[in-house]
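Listed here are the chains, written in short residue letters.
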Amino acid sequence: MRLATLTSGGDCPGLNAVIRAVVRTANKMDSTVIGYEDGWVGLLEDRRRDLYDDAYIDKILLRGGTILGTGRLHPDKFKAGLDQIKSNLEDAKVDALIAIGGEGTLKGAKWLSDNSVPVIGVPKTIDNDVNATNYTFGFDTAVSVATDAIDRLHTTAESHERILVVEVMGRHVGWIALHAGMAGGAHHTVIPEEPFDVADICKSMERRFQMGEKYGIVVVAEGAMPKEGTMQADEGGIDEFGHKTFTGIGQQIADEIHRRTGYDVRTTVLGHIQRGGTPTAYDRVLATRYGVHATKAALAGDSGKCVSLQGEAISLVDLEDAVGKLKVVPPERYATARALFG
């Protein structure tokens, strides 16, 4: 058999580990693999290359990013290109496609599957927001990077008796903020699922200063929003893909804390640092397991499925179950973090 694979959406650590696992597993099962460059764009434009189980592929396990490149394609262009996509796959003699990506990529994979293209999905995103799986690879690395930054900010915040607001990624869900905030000993954490009152943050900080702990760390997810009537926040627009743009909520919170308390407040925005670099051991293992299971599923003809981590086991779920609903932070998980605020 002949398989194809691609990486789409935002880059994240562990993508290369999946590619490596797909190529090596297919090779051992007497199958070949091609890779499409730059995600769905490369598939539509037929930009493909053969992937061999050689020394180069073996070493990519250690690298962040993706050797195939990644990108985004507007849904209208994607759907309008269905006939061309089918023609390209047929010309390349592809029996099944392994699509590696987040919720948007998996939606595209489901749509192709609904239109008679054999597809297996592999869930990736540092946000950990894909439904029907316990964890996505990339998340552990992002949390580790954010936690390391918070660890470092503790010492400088304490030395200067400052409040440091750390803005992390998390457009619609707060998994990174929740885990990094807890692991890094943050004194307040703000997530998109729970609209915040800046007065509560100020109380946490004032309590610390009154008790002699004259510094504070506040972790904020980029998509966090204030409760109505508690604070004026700038609103961004909508990009060409229908995604909301953000306007730096971390800095806005910092400015408001300073205005209300008079404390010295600074902001650190981690941004794309969280998405780059070498994947953690956990993400390498999870990504590799996903790649092996996706390849075996594709070769067995189990199309329309997505690999999923359920407990400690990798299983297959319908692509329909993996899309259409984001996996959000449940209230009880945030309540655990809230117990440690201040």
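These numbers were taken from a predicted model, which means no experiment stands behind them. (Residues numbered from 1 in each chain as written. Predicted model: local features only at pLDDT ≥ 70, side-chain atom pairs only at ≥ 80, totals over all residues. Heavy atoms only, no water.)

Considering the nonpolar core
Put simply, the rule reads: For the purposes of this section, nonpolar cores are sets of buried Ala, Val, Leu, Ile, Met, Phe, Trp, Tyr and Cys residues that join through side-chain atoms within 4.5 Å. Partly exposed describes any residue whose relative accessible area lies between the buried limit of under 20% and the exposed limit of over 50%, with all areas from a 1.4 Å probe on protein chains only and scaled to the type maximum. Helical segments are the DSSP runs of H or I of at least four residues, strand segments are the runs of E of at least two, and each set is numbered from the N terminus.
Core analysis: the largest hydrophobic core is formed by 62 residues, its most contacted members being Ile98, Val122, Phe137 and Ile217. In terms of residue count, the dominant contributor to this core is helix H7 (residues 139-160) (8 residues). With 28 residues, the next largest nonpolar core counts Ile85, Leu89, Ala109 and Leu319 among its residues.

Points about the pattern of salt bridges
Which entries qualify depends on this criterion: Salt bridge, as used here, is a side-chain nitrogen of Lys or Arg placed within 4 Å of a carboxyl oxygen of Asp or Glu.
In this structure the tally under the stated criterion is 20 salt bridges. As a salt-bridge pair, Arg275 and Asp11 come within 3.2 Å of each other at their nearest N and O atoms. In this pair, Arg275 sits in the loop between strand S9 (265-269) and helix H11 (281-299) while Asp11 sits in the loop between strand S1 (2-7) and helix H1 (15-28), placing the two residues 264 residues apart along the sequence. Judged by relative accessible area, Arg275 falls into the buried class, the value being 18%. Of the charged contacts in the structure, one is a salt bridge between Arg259 and Glu256, with a shortest N-O distance of 2.7 Å. Within this pair, Arg259 and its partner Glu256 are both found in helix H10 (residues 249-261), separated by 3 residues, close to a single helical turn. Take Arg259: its relative accessible area is 60%, and that puts it in the exposed class. Through salt bridges with shared partners, one network takes in Arg20, Arg24, Asp53 and Asp58.

Some details on the packing of aromatic side chains
Aromatic ring pairs are described here by two measures, namely the spacing of the ring centres and the angle between the planes. The cut-off we apply is this: The aromatic pairing rule takes the rings of Phe, Tyr and Trp, using the six-membered ring of Trp, and pairs them if the centres are within 6.5 Å, calling planes under 30 degrees apart stacked, those over 60 edge-to-face and the rest tilted.
Throughout the structure, instances matching the rule amount to 6 aromatic pairs. Between Trp40 and Phe78 the ring centres are 4.8 Å apart and the planes differ by 45 degrees, which places this aromatic pair in the tilted class. Of this pair, Trp40 sits in helix H2 (residues 40-44) while Phe78 sits in helix H4 (residues 75-80); the two residues are 38 residues apart in sequence, bridging distant segments of the chain. Among the residues examined, Trp40 registers a relative accessible area of 6% and is labelled buried. Since its relative accessible area comes to 5%, Phe78 is described here as buried.

Regarding the sheet that holds strand S3 (residues 48-51)
We apply this condition: Paired strands are those between which DSSP finds at least two bridges. Inter-axis angles, ranging from 0 to 180 degrees, are taken between N-to-C directions of lines fitted to C-alpha atoms, where helices are fitted over the stretch in contact. Here, residues are in contact when the closest pair of their heavy atoms is within 4.5 Å.
Read from one edge of the open sheet, 7 strands run S3-S2-S1-S4-S5-S10-S11, paired in mixed fashion. Either end of the sheet is taken by a strand with one partner, and the two such strands are S3 and strand S11 (313-318). Going across the sheet, the axis of each strand differs from the next one's by a mean of 30 degrees, ignoring polarity. Each of strand S4 (96-101), strand S5 (119-123) and strand S10 (305-310) touches helix H6 (residues 103-114); the most contacted strand, S4, lies at about 160 degrees to it.

Looking at the layout of surface pockets
Note the threshold: Lining residues are those with an atom within 4 Å of a point, where the points come from a 1 Å grid over the protein atoms alone and group into cavities, where a 1.4 Å probe fits but cannot get out, or pockets, open sets with protein on both sides within 12 Å along at least five of seven lines. Grid points are joined across faces, edges and corners, and a volume is the space filled by probe spheres set on the points. All amino acids are sorted into three groups, where Ala, Val, Leu, Ile, Met, Phe, Trp, Tyr, Cys and Pro are nonpolar, Asp, Glu, Lys and Arg are charged, and the leftover types, Gly among them, are polar.
The computed volume of the second largest pocket comes to approximately 160 Å³. For the second largest pocket, the full set of lining residues is His188, Val190, Glu194, Pro195, Phe196, Asp197, Asp200, Lys227, Tyr334, Arg338 and Phe341. For the lining of the second largest pocket, the elements supplying multiple residues, two or more each, are strand S7 (188-190) and helix H13 (331-338). Residues of the lining of the second largest pocket, tallied by class, amount to 5 nonpolar, 1 polar and 5 charged.

Description of the UniProt feature "binding site: Mg(2+)" (unreviewed entry) in the chain
Definition in use: UniProt positions are given in the numbering used here, feature names are shortened, and annotations may be inferred rather than shown by experiment.
Residues given the UniProt feature "binding site: Mg(2+)" (unreviewed entry) here are Glu103. Of note, Glu103 is situated in helix H6. Overall, the relative accessible area of 14% leaves Glu103 in the buried class. Once residues lying within four places of it in the same chain are set aside, the contact partners of Glu103 are Val130, Ala322, Val323, Gly324, Lys325 and Leu326.

Focus: the domain arrangement of the chain
Here is the rule: Where a domain begins and ends is set by an automatic assignment or by a domain database. The buried area of a pairing is the accessible area, by a 1.4 Å probe, that goes missing from both parts when the two are put together, added over both. Whenever two N or O atoms come within 3.5 Å, that pair is a polar contact, provided that in protein one can donate a hydrogen and the other can accept it, and provided that, for residues adjacent in sequence, both atoms are side-chain atoms.
Its domain assignment divides the chain into domain 1 (2-138 + 279-324) and domain 2 (139-276). In this complex, domain 1 contributes 21 residues to the contact, which on the side of domain 2 involves 17 residues. Carbon and sulfur atoms supply 59% of the area that domain 1 and domain 2 bury against each other, a total of about 1,500 Å² over both sides. A per-residue breakdown of the area domain 1 buries against domain 2 is headed by Arg72, Ile126 and Asp127, which together make up 35% of the total. Counting every contact that joins domain 1 to domain 2 gives 8 residue pairs in polar contact (both at pLDDT 80 or more). Looking at the side of domain 1 that touches domain 2 residue by residue, the class counts come to 9 nonpolar, 7 polar and 5 charged.

Points about the state of the cysteines
The line we're drawing: Two cysteine sulfurs form what is called a disulfide whenever their separation falls within 2.5 Å.
Following the criterion strictly, the structure yields 0 disulfides and no others. In this structure Cys12 is not part of a disulfide, and its nearest cysteine sulfur, from Cys306, lies 13 Å away. Note on Cys12: relative accessible area 1%, which makes it buried.

Side note on the sheet that holds S9
Taken together, 4 strands build an open sheet; the order of strands is S7-S8-S6-S9 and the sheet is parallel. A strand with exactly one partner marks an edge of an open sheet, and here the two such strands are S7 and S9. Neighbour to neighbour, the strand axes of the sheet diverge by 20 degrees on average, direction disregarded. For S7 and strand S8 (residues 216-221), the ladder comprises 3 bridges, and the chain directions are parallel.

Some words on the packing of helix H8 (residues 175-183) against H13
Stated formally: For classification, angles of less than 35 degrees are called roughly parallel, those exceeding 145 degrees roughly antiparallel, those between 65 and 115 degrees roughly perpendicular, and all remaining angles oblique. A clockwise turn of the near helix away from the far one marks a right-handed crossing, whereas an anticlockwise turn of less than a right angle marks a left-handed crossing.
At their nearest, the axes of H8 and H13 sit 10 Å apart, and the two run at 30 degrees to each other. As judged from the angle between their axes, H8 and H13 are roughly parallel. Where H8 crosses over H13, the handedness of that crossing is left-handed. Where H8 abuts H13, its residues Trp175, Leu178, His179 and Met182 lie against Arg333, Tyr334, Thr336 and Ala337.

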